[in-house]
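Residue-level listing of the chains:
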Amino acid sequence: MFEGRDFVVFSDDWGRHPSSCQHLFRCISEHNRVLWVETIGMRTPRFNRHDARRAIEKLRSWFNSSSAKIQTTARSSAPVGVVRYSPPMYPYYGHCLGARINDCLLPRLVRRKMAQLEMKRAIVLTTVPTTARIIGQLDGTITVYYRVDSFDKWPGHEARLIQRMETQAIRSANALIATSRRLIAGQAIDDKHTLVLPHGVDLEHFTSGGVEPDALSTVPRPRLMCAGLLDERVDLTLLAELAHMRPDWHIVLVGPRALEAVELEHRDNVHLFPAVPYADLPAWLSAADVLMIPYVRTVQTDTISPLKLREYLASGRPVATTRLPEVVREYGALIQVGDDATSFRDAISRALADSPDSASLRRQAVRKDTWVARADALCDFLAEVEKAA
């Protein structure tokens, strides 16, 4: 692990959703300084409640960024060693003028912030391809593109624009990191240092379980739970068919919603809950009879191994998922898989019949995958890249 180094990281809003990059730099920041630059999204803003709420959040962060204090009272707060910075940006990179404004303004603002913090020769890492044209302007020792998803395959994203930016980000960076093998496959990386760094897990946190949340006291068993962001990846049609086929099963969806779940909202055996604090999540997972990853099969989901998977396994609860290639490749022997509503129903039936003794096998499978271990692997890789630069 590095000690006494400076990092500049371009990524999501700290604490909004616990991302892999946040978990990694929570560990790294214990012995290093991190300037965490919160960027705008890549999707075209839409006229709905979710996007309006996000716009208000970003505006507030821009006005509060310069005076934000580092706190340690909650896991969503930035830890000691991390300085959150949310510079004002044009809200949509797909607009040519907006992209030029951001490409001109953002490096100046970040350099000014680095100067205030007396940061020099930092390691620069980005998870967002929109920063492709600016990461090389920060005088970093090395620049790293951390590919966490196929953003060009996401609904609502400008695929060609993101592909161009991602190609440029990979070309200009010293190294490429990806959370799965499929996210590296097909990239122009002949002369690049590469590392496949799968998601990790906070093992102690998710094995801790906890007291059943009061909010679930009125939800009968069996409870089939999916925790996390409800967005285009989730197969709402599959869940609606499942709820229809088995009215005695109760589907529990926990997390923020980026889309309307019209197919599910009026069903008696579907229960929608808002996001819960990260600290409370183990208690919710342990109160489920089966944990689900009911994702649509697309080019995008075929490349990912969801962060929640290892959290599910660490909880010890049985897991049922649609046939995501990376998930099946890594943990096929420990999970139940279904391709459509009928086979997914059968997968859940097998999971419900699973032996309690299997919980220890699921936990053992992710015991080596802690975020500390992942952060150590990342730092060892970055040290090698620096030596070769």
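This is a predicted model, so every value here is computed, not measured.

S.K.: Lay out helix 6 (residues 236-245) in plain terms, naming residues and giving numbers.
M.R.: Those residues of helix 6 that fall on the buried side of the exposure criterion are L236, L238, L239, A240, L242 and A243. Between the side-chain oxygen at the start of helix 6 and the backbone nitrogen of T237 there is a gap of 3.3 Å, and the oxygen is on D235.

S.K.: Which residues make up the packing of helix 1 (residues 20-28) against helix 13 (residues 371-388), and what values go with them?
M.R.: Closest axis-to-axis distance for the helix 1/helix 13 pair is 9 Å, and the angle between their directions is 80°. Relative to helix 13, the element helix 1 lies roughly perpendicular. Two secondary-structure elements touch here, helix 1 through S20, H23, L24, C27 and I28 and helix 13 through W371, V372, R374, A375, L378 and C379. Partitioned by chemical class, the residues of the contact of helix 1 with helix 13 number eight nonpolar, two polar and one charged.

S.K.: Quick one: what's the story with the sheet that holds strand 10 (residues 270-273), residue by residue and with numbers?
M.R.: Strand order across the open sheet formed by six strands is 10-9-8-11-12-13, with parallel pairing between neighbours. Two strands in the sheet have a free side with no partner beyond their single neighbour: strand 10 and strand 13 (336-338). Strand-to-strand twist in this sheet, taken as the mean axis angle between neighbours without regard to direction, amounts to 25°. Helix 6 contacts strand 8 (223-227), strand 9 (250-254), strand 10, strand 11 (290-293) and strand 12 (319-322) of the sheet and is inclined by roughly 150° relative to strand 9. Across the sheet, helix 11 (residues 341-352) is in contact with strand 8, strand 11, strand 12 and strand 13; its angle to strand 13 comes to roughly 165°.

S.K.: Could you give an account of the pairing of strand 12, with specific residues and numbers?
M.R.: The alternating pattern of strand 12 places V319 and T321 and A320 and T322 on opposite faces, both of which are buried. When strand 11 meets strand 12, the two strands line up parallel, connected through three bridges. Paired with M292 across the two strands is A320, which belongs to strand 12. Handedness of the strand 11-helix 9 (residues 307-315)-strand 12 crossover: right-handed. The β-α-β motif built from strand 12, the intervening helix 10 (residues 325-331) and the parallel element strand 13 has right-handed crossover chirality.

What counts as what
- Residues numbered from 1 in each chain as written.
- Predicted model: local features only at pLDDT ≥ 70, side-chain atom pairs only at ≥ 80, totals over all residues.
- Heavy atoms only, no water.
- Buried < 20%, exposed > 50% of the residue type's maximum accessible area, 1.4 Å probe, protein only.
- Helix = DSSP H or I, 4+ residues; strand = E, 2+ residues; numbered from the N terminus.
- Polar contact = N/O pair within 3.5 Å; in protein donor to acceptor, adjacent residues only side chain to side chain.
- Axes fitted to C-alpha atoms, helices over the stretch in contact; angles between N-to-C directions.
- Parallel < 35°, antiparallel > 145°, perpendicular 65-115°, else oblique.
- Contact = heavy atoms within 4.5 Å.
- Nonpolar A, V, L, I, M, F, W, Y, C, P; charged D, E, K, R; others polar.
- Pairing = 2+ DSSP bridges.
- Right-handed = clockwise from strand over helix to strand, strands pointing away.

So yeah, pure geometry; function would need other evidence.
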